[in-house]
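# Fold and contact review
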Amino acid sequence: LLAVAQALPLQKTDDAIVFGDKDLQVAFSPLDGSIRKLEHNGVMVAVAQPNALWMNIKGEDGAWLPEDSTWKLQDAVQTADDTLRLDVVNGNWSVHVFTQLFPEKGQLRRWFEIAWTSDKPSKIRHFQQRWFRIPMAEGMFYNLPANRTTSEKVVFDDLKDHAAHRAHIGSRACIFQLAIK
C-alpha cells in the first residue's frame, strides 16, 4: 500500500510564521521573512544570525543593499504539501524565497526567484544570504556552512537579462542535512 502524504502544517501569527511538523519545523519572522529558528524532533538546532539584513543583492551599479535597509514580507503561501514560498521586497528587488522540508530525512532545501522591478535595467552581480547559527555551549555557536565564518556568497556574473529586466534563479538550491543526535 502507498502512504498518502499529508500537507505540512502552516501557522501564521503576529509573532511568527511556523511551517513544518514535530519532526522538522521552521519559524520565520512575520516582518522580514528571515528564519528565526529551526527545530528537529522538537529540539532547537539552529537560530538566526543577529542581523536585520538576512539577504543581500549587489546590482549592476556595484552597490549592495544598505545595511540599514530591511526586507518586508508581503505574503507566505504554501505552494505544495512540503513547500512554503515567502514573498519579500527591498527597494526594487522582489524575491520569492522557497523552503521545502523533508522531515523524514531531517533536511530542508531553499531556492530563490529574484526579480528587479525598476524600469531601469539591472543585473545581479552577487547574491548573499546569512545562514543559520547552531547553538552549542552557552555563549557559543557554529555558523552554517561550518567552513565559513561570514555570509555565504554566490556569484551570478554570468546571468543574462530576461524580458522586462527580470532575473530568475530557480535551480540554485541549498540542502541542509541535520545530523544532530
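Residue positions are given per chain, counted from 1 along the sequence in the order it is written. Residue-level local features of this predicted model are given only where pLDDT is at least 70; pairs of side-chain atoms are given and counted only at 80 or more, and the full residue set underlies all totals for whole chains, interfaces and linings. Note that water and hydrogens are dropped before the side-chain values are worked out from all heavy atoms of the structure.

## Details of the confidence of the model for the chain
Note the cut-off: A residue's pLDDT is the confidence the predictor assigns to it, expressed on a 0 to 100 scale. In what follows, a contact means two residues having at least one pair of non-hydrogen atoms within 4.5 Å.
Residue-level pLDDT values for the chain average 74, and 67% of them are 70 or greater. Per-residue pLDDT stays below 50 along residues 145–181; that stretch engages in 80 contacts with residues further than four places along the chain or on separate chains.

## Quick look at the nonpolar core
Definition in use: To form a nonpolar core, buried Ala, Val, Leu, Ile, Met, Phe, Trp, Tyr and Cys residues must be joined to one another through side-chain atoms within 4.5 Å. Buried residues are those whose accessible area, probed at 1.4 Å on protein chains only, stays under 20% of the maximum for their type, while exposed residues exceed 50% and partly exposed ones sit between those limits.
By size, the foremost hydrophobic cluster in this structure holds 31 residues, and its most contacted members are M55, W71 and V95. The residues touching V95, leaving out its near neighbours within four places in the chain, are M55, I57, W71, L86, D87, V88, F112, E113 and I114.

## Digging into the packing of aromatic side chains
Spelled out, the test is: Aromatic pairs are defined between Phe, Tyr and Trp rings, using the six-membered ring for Trp, whenever the two ring centres lie within 6.5 Å; interplanar angles under 30 degrees are classed as stacked, those over 60 as edge-to-face, and all others as tilted. Helix and strand assignments follow DSSP, with helices taken as H or I runs no shorter than four residues and strands as E runs no shorter than two, numbered in order from the N terminus. Distance and angle both matter: a charge sits over a ring if NZ of Lys or CZ of Arg is within 6 Å of the ring centre and within 35 degrees of the ring normal.
As enumerated under the stated definition, the model contains three aromatic pairs in all. Taking the centre distance of 5.0 Å and the plane angle of 5° together, the rings of F98 and W111 count as stacked. You can see F98 sitting in strand β9 (residues 93–102) and its partner W111 sitting in strand β10 (residues 107–116), a full 13 residues away along the chain. Here the two residues F98 and W111 agree in accessibility, since each one is buried. Against the face of F102 rests K105, its NZ or CZ located 5.9 Å from the ring centre. Cation over ring: R109 sits above W111, and NZ or CZ is 4.4 Å from the ring centre.

## Here's the deal with the environment of E67
Locating E67 in the fold gives a position in the loop between β6 (55–58) and β7 (72–80). Overall, E67 belongs to the partly exposed group, its relative accessible area being 46%. It is 8.7 Å that separates the C-alpha atoms of E67 and N56, two residues lying eleven residues apart in sequence.

## Thoughts on the pattern of salt bridges
Rules: The term salt bridge refers to a pairing of a side-chain nitrogen on Lys or Arg with a carboxyl oxygen on Asp or Glu at a separation within 4 Å.
Counted by the stated rule, this structure contains five salt bridges. A salt bridge links K22 to D23, with the nearest nitrogen and oxygen atoms 3.3 Å apart. On the basis of relative accessible area, K22 is assigned to the exposed category, the value being 65%. Here R85 and D87 are joined by a salt bridge, their closest N and O atoms 2.7 Å apart.

## Regarding the pairing of β9
Convention followed: Two strands pair under a simple rule: DSSP has to find at least two bridges between them.
Counting buried positions along β9 yields eight of ten residues, so the element is predominantly enclosed. With ten bridges connecting them, β9 and β10 associate as antiparallel partners. In the strand pairing of β10, W93 is matched with W116. Hairpin geometry of β9 and β10 is characterised by an intervening segment of four residues between the two adjacent antiparallel strands and by a positive phi of about 70° at G106.

## Points about unusual backbone geometry
In the Ramachandran plot, N41 falls in the positive-phi region, its phi being about 55° despite a non-glycine side chain. Along the chain, N41 turns up in the loop between β4 (35–40) and β5 (43–47). Under the relative-accessibility criterion, N41 is labelled partly exposed at 48%.

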